[in-house]
Amino acid sequence: MANEKVDVVIIGAGCSGSVFASVLAKAGKKVVLIESGPDWQLTDLVSSEMWGRRIRPAGAPILLEGKNPMGYAGQAGWGVGGAALHYFANHPRYLVNDYKIKSEHNRALDWPISYQDVAPFYDRVAWDVGMSGDAKAEEIWRPAGQAYPMPPMKSFPNGEVWLKGFKELGIRTAPAPVAMNSTEFKGRPACIYDGWCHVGCPTGALANPVVTYLGEARKANAEVRAMSTVTRILTNQAGTRATGVEYYDEKKQRQVQEANVVIVAAWSGQNPRLLLNSATEKHPKGLGNSSGLLGKYMTSHTVAGIAALFDEDLQNHLGTIGAQFMSYDRYDKTAYKDQFGSTYITVGFAQKTHDFAASRPELYGAPLADFMKRAARGFTRITLFGEELPNIENRVELSSEKDAYGMPLGRLVHSYDDTAAALWRANGVEGLRIAKAAGAKEAWTGNVIPTSHLHGGTIMGTGAGNSVVNSYGQCHELPNLYVAGPSTFPTEGASNPTYTILAVALRGAEQLAASWGTVAG
Amino acid sequence: MENLERRTFMKGAGLGLLAFTVGSAKVLMTPGQARAQAVPFRLLNGNEGAVIEALGETLVPGARQAGIAHFIDHQISVPAEEALLQARILNVRPPFANFYRAAIGAVDRGAEKVFNRKFAQLTAAEQYDFVGRMRQNTIEGWTGPTGGFIYTLLRTDAVDVVYGTMEGYAALGIPYQAHIVPDKRW
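These figures come from a predicted structure and were not determined experimentally.

1. Quick word on the overall build of chain A
- Of regular secondary structure, chain A possesses 14 helices and 17 strands.
- A compact globule built from 521 residues should have a C-alpha radius of gyration of about 24 Å, and chain A, at 22 Å, falls within 12% of that.
- In terms of its C-alpha atoms, chain A occupies a principal-axis envelope of roughly 70 × 50 × 50 Å.
- Partitioning the contacts of chain A with sequence separation of at least 6, the portion at a separation of at least 24 is 75%.

What follows is the structure, encoded as structure tokens:
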């Protein structure tokens, strides 16, 4: 079934798709977002670990392989808001050194833009969505910018207890920048610190897309078609332009939505899967893939989680799942002797009973029950995110298995190389030093490398020979086809990526709006 | 924006209520209540329920009484996208019943290799020893889903029913602090 042609069709109503929708709908364009999951309302966001799994994907559209398979389903989203409906709202920036690793170290890849190109958009996003923090305090690590609209969030004993350790080791900290309300902001209430952020914040205190860009897009008449799965991006016969998308609606009926501009914003696993599955005679390897790099250079942060027990009652049920404090003091690419890559440190989060149990996966039976009682009082954590350098072998490709719509499943192959693994081990050692200096009674870290965040697959670059899209997300080979989200990141830094996703998407969306006549044709 | 009062929502999800069928009526109750009232399983047979209860109790004391078998039975009977199971996070391919049946079979076969009896018939000490070996994938001739993966998934299921509810938080002396109860559409 064909629908009336629109100006813009966006695949995915998550973080980056919502930014494009907001900017373009406000510019008067007719925008349709096609979302594979439900149209969640805030009242759906139940405070429960188990019920919170409902806003993650079910099933296996992406097969996970490699030495370090990506923890895909726990990280991905399903439904409006996408992964940012359940994200922790940590909003550190990528720093100056993230954008030019190749130039400065002759390793990895450069972005085709610099920190200065993105910086104004960081500042604007902070005021668009509402951020709390102390921008001035961050200036020991980054160029000055605007102040955040709200002061830092409250801190609690489960975060404060670590500060002694950082101070003793000379590691500087600052209040963590988060997209949460420390005070009322734009009619949304201040946070009440109950720590259920990771299953979706129903109060609106956390800046998920539903209460920010997607909400604005809807006010500007953008339409969301939920429970609808896009299977192909359609192109003209000459292979020079995208013409729309094929999708299956909530009744599993095939539909076609024509549009002047197509934006692919379905996260780093699905974006390359869709572009690969949209191959034609003119684009036999998939759309935008003349470089052969579509689906390549998938990266994911390593996570050195340091858990500790202290004697005192740390009130670990209080706070947010986002961090209370952070440090960029190990962010330099060569911060550790003999290691390479950035590290971002986050400190102090509200803990749930599942967190206690997950921290000691080897315990079961009576020893687990005993540990749970002790953890209820004195358990707390810090996290050191480590950078993985892009490796062409880490990739998304199409499987021979197909989903319910006949679309090949994605196959995400991911393995950490020696550099990433060594940085992860160094971060574990560093974290345990901090715990000891803080006076922890016990401290430990895991022996399997967890993955966090997913980037790459449709990387940006200077031309069709070395990348899939330009710095605005515009496909080199089809100018009215855009890709949004972390799939466009050539490198991942070590910072939580959502703030940069929003800033880069805002930059791309405004470029598209400004050049609409040329791009949309 | 709706003005949500702090901690005014104290029922539903936190209590772990699910819709069980009693007679011809659907009744909201916890899996533990369903077990106490001997609500029939939807999909599991008696031995499958017994293995899940025994395995759950070995992993997390209290899981049997908290109704782990009824919880899993309920969750594998609903469409995968409605399920609350950790299986979806660990990328288990739906239908989830297939995994649980394969896991139960693997555990029983493993127990028979080691002890010449099915898992539910072992003593508590034998079950504890077996689970430790299963976790480390050291049982020779093991077939089916790996022991380590079964351990990880069933342990989380057991944590769900024992520690993931408001009762579980209360037992540890931790304020649950729910923002919101489940909407009826769930």
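2. Structural notes on the overall build of chain B
- A tally of helices and strands in chain B yields seven helices and two strands.
- For chain B, the proportion of its 186 residues judged to be buried stands at 49%.
- Summarising the internal contacts of chain B: among those between residues at least 6 apart in sequence, 62% fall at separations of at least 24.

3. Structural notes on helix H13 (residues 498-514) of chain A
- Along its 17 residues, H13 of chain A runs 24 Å from first to last C-alpha, staying within 8% of the 24 Å computed at 1.5 Å per residue.
- Counting buried residues in H13 of chain A gives 13 out of 17 residues, a clear majority hidden from the surface.

4. Quick word on the pairing of strand S11 (residues 343-347) of chain A
Residue and element names in this part refer to chain A.
- With five of its five residues buried, S11 lies for the most part within the structure.
- Strand direction decides the pairing type here: strand S10 (residues 325-327) and S11, joined by three bridges, are antiparallel. What sits directly across from Ser327, in S11, is Ile345.
- Relative to strand S12 (residues 379-386), S11 runs antiparallel, the two sharing five bridges. Among the inter-strand pairings, Thr343 is bridged to a residue of S12, identified as Gly386.

5. A few points about the interface of chain A and chain B
- Every contact between the two is made by 41 residues of chain A and, on the other side, 40 residues of chain B.
- Residue assignment for the side of chain A that touches chain B shows that the elements contributing at least two residues are helix H2 (72-75), helix H10 (353-359) and helix H11 (366-378) of chain A.
- No other element matches H11 of chain A, which puts six residues into the side of chain A that touches chain B.
- Here the side of chain A that touches chain B is built from residues that sort into 21 nonpolar, twelve polar and eight charged.

6. Topic: the sheet that holds strand S14 (residues 408-413) of chain A
Residues and elements named next belong to chain A.
- Strand order in this open sheet of three strands is S3-S14-S13, and the pairing throughout is mixed. Looking at the sheet topology across the chains shown, the edges are occupied by strand S3 (62-65) and strand S13 (395-402). For this sheet, the mean inter-axis angle between neighbouring strands, taken without regard to orientation, is 30°.
- By the bridge criterion, five bridges tie S13 to S14 in an arrangement that is antiparallel. Looking across to S14, one finds that Glu397 is bridged to Arg411.
- Its contacts with the sheet place helix H9 (residues 267-277) against S3, S13 and S14, and it is angled at close to 65° to S13.

7. Quick word on the packing of helix H1 (residues 15-26) of chain A against H13 of chain A
Residues and elements named next belong to chain A.
- Put simply, H1 and H13 touch, their axes get as near as 9 Å, and they point 30° apart. Between H1 and H13 the crossing geometry is right-handed. Contacts from Cys15, Ser16, Val19, Phe20, Val23 and Leu24 of H1 reach H13 at Thr498, Ile501, Leu502, Ala505, Leu506, Ala509, Glu510, Leu512 and Ala513.
- Across the contact of H1 with H13, the residue classes break down as twelve nonpolar, two polar and one charged.

8. Here's the deal with the nonpolar core
- Among the nonpolar cores identified, the biggest contains 217 residues, and Phe20, Ala21 and Ile263 of chain A are the most heavily contacted of them.
- Setting aside its immediate chain neighbours within four residues, Phe20 of chain A contacts Ile10, Ile263, Ala265, Ala484, Ala505 and Ala509 of chain A.
- Counting five residues, the second largest nonpolar core, distinct from the first, contains Leu18, Met29, Ala34 and Val39 of chain B.

9. Considerations on helix H6 (residues 147-163) of chain B
- Spanning 17 residues, H6 of chain B covers 23 Å between terminal C-alpha atoms, matching the ideal 24 Å at 1.5 Å per step.
- Most of H6 of chain B is tucked away, with 14 of its 17 residues classed as buried.

10. Some points on the pairing of S3 of chain A
All names here are of chain A.
- The two faces of S3 differ: Ile62 and Leu64 on one face are buried, but Leu63 and Glu65 on the other face are not.
- Bridge count between S3 and S14: four bridges; the pairing is parallel. Of the residues in S14, the one forming a bridge with Leu64 is Leu412.

11. Describing the environment of Tyr499 of chain A
Residue and element names in this part refer to chain A.
- Inspection of the secondary structure assignment puts Tyr499 in helix H13.
- Once the C-alpha coordinates of Tyr499 and Tyr122 are considered, the two residues, 377 residues apart in sequence, prove to be 7.1 Å apart.
- Apart from residues lying up to four places away in sequence, Tyr499 is in contact with His91, Pro92, Arg93, Tyr122 and Val125.

12. Digging into unusual backbone geometry
- The amide bond that connects Pro94 of chain B to the next residue, Pro95 of chain B, takes the cis arrangement and shows omega of 0°.
- Tracing the sequence through the fold places Pro95 of chain B in the loop between helix H3 (68-77) and helix H4 (96-115).
- Notably, Asn106 of chain A is not glycine yet its phi reads approximately 55°, a positive angle.
- Its location among the elements puts Asn106 of chain A in the loop between helix H3 (101-105) and helix H4 (115-130).
- Within the chain, Asn91 of chain B stands out as a residue other than glycine whose phi angle is a positive 65°.
- In this fold, Asn91 of chain B is placed in the loop between H3 and H4.

13. Focus: the confidence of the model for chain B
Residues and elements named next belong to chain B.
- Considering every residue of chain B, the mean pLDDT works out to 88; 88% of them sit at 70 or more.
- Segment residues 1-11: pLDDT under 50, and 16 contacts once partners within four positions in sequence are set aside and those in other chains are kept.
- The model gives residues 182-186 a pLDDT under 50, and that stretch makes seven contacts with residues more than four places away or in other chains.
- Taken together, the chains of this predicted complex give a pTM of 0.96 and an interface ipTM of 0.95.

14. Digging into the packing of helix H2 (residues 46-59) of chain B against H3 of chain B
Residues and elements named next belong to chain B.
- Where H2 meets H3, the axes come as close as 8 Å, and the angle between the chain directions of the two elements is 125°. Judged on the interaxial angle alone, H3 and H2 are oblique. Along this stretch, H2 crosses H3, giving a crossing that reads as right-handed. Note on element contacts: H3 touches H2 through Ile68, Ala69, Ile72 and Asp73, opposite Gly49, Ile52, Glu53 and Gly56.
- Within the contact of H2 with H3, the residues separate by chemical class into four nonpolar, two polar and two charged.

15. Observations concerning the environment of Lys67 of chain A
Residue and element names in this part refer to chain A.
- Position of Lys67 among the secondary structure elements: in the loop between S3 and H2.
- On a C-alpha basis, the gap between Lys67 and Val413 in space is 8.3 Å, while along the polypeptide they are 346 residues apart.
- Those residues in contact with Lys67 that lie beyond four places of it in its chain are Ser415 and Tyr416.

16. Remarks on the environment of Tyr472 of chain A
- Within the secondary structure layout, Tyr472 of chain A lies in the loop between strand S16 (451-455) and strand S17 (481-483).
- Residues Tyr472 of chain A and Ile233 of chain A lie 239 residues apart in sequence; the distance between their C-alpha atoms is 19 Å.

Here is what the cut-offs are and how they apply
The residue count restarts for each chain, going from 1 along the sequence in the order it is written. Chains carry letters and ligands carry numbers; both start at the beginning, A for chains and 1 for ligands, and go up in the order they are written. Note on the predicted model: pLDDT of at least 70 is required for a residue's local features to be given, and 80 or more for side-chain atom pairs to be given and counted; whole-chain, interface and lining totals, by contrast, use all residues. Labels follow the DSSP assignment, with helices taken as runs of H or I lasting at least four residues and strands as runs of E lasting at least two, numbered in each case from the N terminus. The atom set for the radius of gyration is the C-alpha atoms, and the globule formula is 2.2 Å times the number of residues raised to the power 0.38. The contact criterion used is a C-beta to C-beta distance within 7 Å, with each C-beta placed from the backbone. Whether a residue is buried, exposed or partly exposed follows from its count of other C-beta atoms within 10 Å of its own C-beta, namely 20 or more, 12 or fewer, or something in between, respectively; the C-beta atoms are built from the backbone. A helix is expected to reach a length of 1.5 Å times the quantity of its residues less one. Between any two strands, pairing holds if DSSP finds at least two bridges. When residues are grouped by polarity, Ala, Val, Leu, Ile, Met, Phe, Trp, Tyr, Cys and Pro land in nonpolar, Asp, Glu, Lys and Arg in charged, and all others, Gly among them, in polar. All axes here are fitted lines through C-alpha atoms, helices being fitted over the stretch that makes contact, and every angle between N-to-C directions spans 0 to 180 degrees. Here is the rule for handedness: rotate from the far helix to the near one, and if that takes an anticlockwise turn smaller than a right angle the crossing is left-handed, while a clockwise turn gives right-handed. Take the buried Ala, Val, Leu, Ile, Met, Phe, Trp, Tyr and Cys residues, join any whose C-beta atoms are within 7 Å, and the set you get is a nonpolar core. Note on scores: pLDDT gives the predictor's confidence for each residue, bounded by 0 and 100. Roughly parallel means an angle under 35 degrees; roughly antiparallel, over 145; roughly perpendicular, 65 to 115; everything else is oblique.

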